[in-house]
Structure formats: structure tokens, C-alpha cells
Amino acid sequence: MIYNVKGKLTYSDAQFVVVECGGIGFKCYTSLNTAKEIGKIGNEVNLFTYLSVREDAMDLFGFSTQAELDSFKLLITVSGVGPKAAVAVLSELSPDKLAVAIAAGDTKAITRANGVGKKTAERIVLELKDKMTGISSDGTFSAAASAGSIEDESAAAEAVAALVALGFSQSDAAVAVGQMDKSLAADEMIRLGLKQLSRNL
């Protein structure tokens, strides 16, 4: 119904923003990532929107990128995940980081979102594992796509398992290995992964 809202940012807090268009202020619930992205009061902004219609309310949700809106729409298809929970997840994880976490089965990263428990995170991973790859803020998203294919490649899977055993998170290990040449042996992937991930500590 409402594809986007473009206008002046007149209000912003931790839960929603108000964008004035043609003298009308649209209240848009949004993620912390979008709130940071659109900046200060008075800025000209453009939000991609989703209208949630219930018996007792009509709420507008707005996001600074199409990728974040697409991620939001996928999240609310998961049983037990409503719009507010989806916003909480996207406040904690950008679309690309969320896709990597899902591809890697990293439920711990998802449970960092406010109000999202382990069972909900497990449902998100289970129901979206084959759907999140390809969503990208810049149109490429090679890292998540690579991470999603790791389970089919024994050398890569072995390298990821070894890096996790060494104390790195599954999502970080999956991204590091996912960017490597798949013809490499597992021990070479582990060596390169250690070198790369250690630089990020």
C-alpha cells in the first residue's frame, strides 16, 4: 500500500521516527540501525515501508535500505516472530550479518536481540536458512552466499569446525572460510582463517 516515505525527519527515538511529507507526519517504527543511518532531525530521508494491519492497529515500519525491509519481511514469516521482534533482530544485526548468522546456524548472535530467545532464534535459522542468501545492502552479498554453501564442502566445513573449536564464533569462521578458494586443503583454510580472524581481535 505504501512503498516508501520521503521527506523531512522531524522526530527520532529508540522505537520510531516521524517523517513529514506534504504536511503529514508519518510515524514509522524502525530499527536502531536505520535510526543511526538516517541521522539528525531536519535531514531529508527516504524510508522503505511495510504497513502492518491488525484488528486493533495499523502500524507503519520504515527502513533505510531495501535489503533491511526485505529481511524484515522474511523475519515476520517465521512462526512466533512479529514485527516488533523482527525490528529487534534488525537493531542488533544488519541484513548481511543476519544472513551470515542464519547461514552459519549461529543462533547465539540472533539471541542478542532484545526479547528473542533460543527457541525463536532456532526457528529463524531453520525457516530462513534457504531464503536469506542473496539479500544484500549493496547487491553483491558473496560472503553470505559462500557461507551458505559451506555445509556441502567437506574441506570448508572441516576448517570452520576447527576455527570454532579454537574459540571463534561460527558466523565469523563461516564468513572467513566462505571467502576462500574452495580448492584449498582444510589445513590451508585453517591457517589462512587463523591469520585473518586474529587480525580482527
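Everything discussed here concerns the structure shown above.
Computed from a prediction, not measured in an experiment: that's the story for all the values here.

Conventions used here
Residues numbered from 1 in each chain as written. Predicted model: local features only at pLDDT ≥ 70, side-chain atom pairs only at ≥ 80, totals over all residues. Heavy atoms only, no water. Helix = DSSP H or I, 4+ residues; strand = E, 2+ residues; numbered from the N terminus. Buried < 20%, exposed > 50% of the residue type's maximum accessible area, 1.4 Å probe, protein only. Contact = heavy atoms within 4.5 Å. Axes fitted to C-alpha atoms, helices over the stretch in contact; angles between N-to-C directions. Left-handed = near helix turned anticlockwise from the far one by under 90°. Nonpolar A, V, L, I, M, F, W, Y, C, P; charged D, E, K, R; others polar.

Visitor: Tell me about the overall build of the protein chain, and please be specific about residues and values.
Guide: The secondary structure content of the protein chain amounts to ten helices and five strands. Of all 201 residues assigned to the protein chain, the portion counted as buried reaches 43%. Taking all contacts inside the protein chain whose residues are at least 6 apart in sequence as the whole, residues at least 24 apart take part in 53%.

Visitor: So what's going on with the environment of methionine 189? Which residues, and what values?
Guide: As for its placement among the helices and strands, methionine 189 is situated in helix H10 (residues 186-199). Classification of methionine 189 as buried rests on a relative accessible area of 1%. With sequence-adjacent residues up to four places away left out, methionine 189 is seen in contact with Ala155, Ala156, Ala159, Val177, Met180, Asp181, Lys182 and Leu184.

Visitor: How would you summarise the packing of helix H9 (residues 170-178) against H10 if you had to cite specific residues and measurements?
Guide: Their axes nearest at 10 Å, the elements H9 and H10 cross at an angle of 115°. Between H9 and H10 lies a crossing whose hand is right-handed. Residues Asp172, Ala173, Ala176 and Val177 of H9 pack against Met189, Gln196 and Leu197 of H10. Along the lines of polarity and charge, the residues of the contact of H9 with H10 split into five nonpolar, one polar and one charged.

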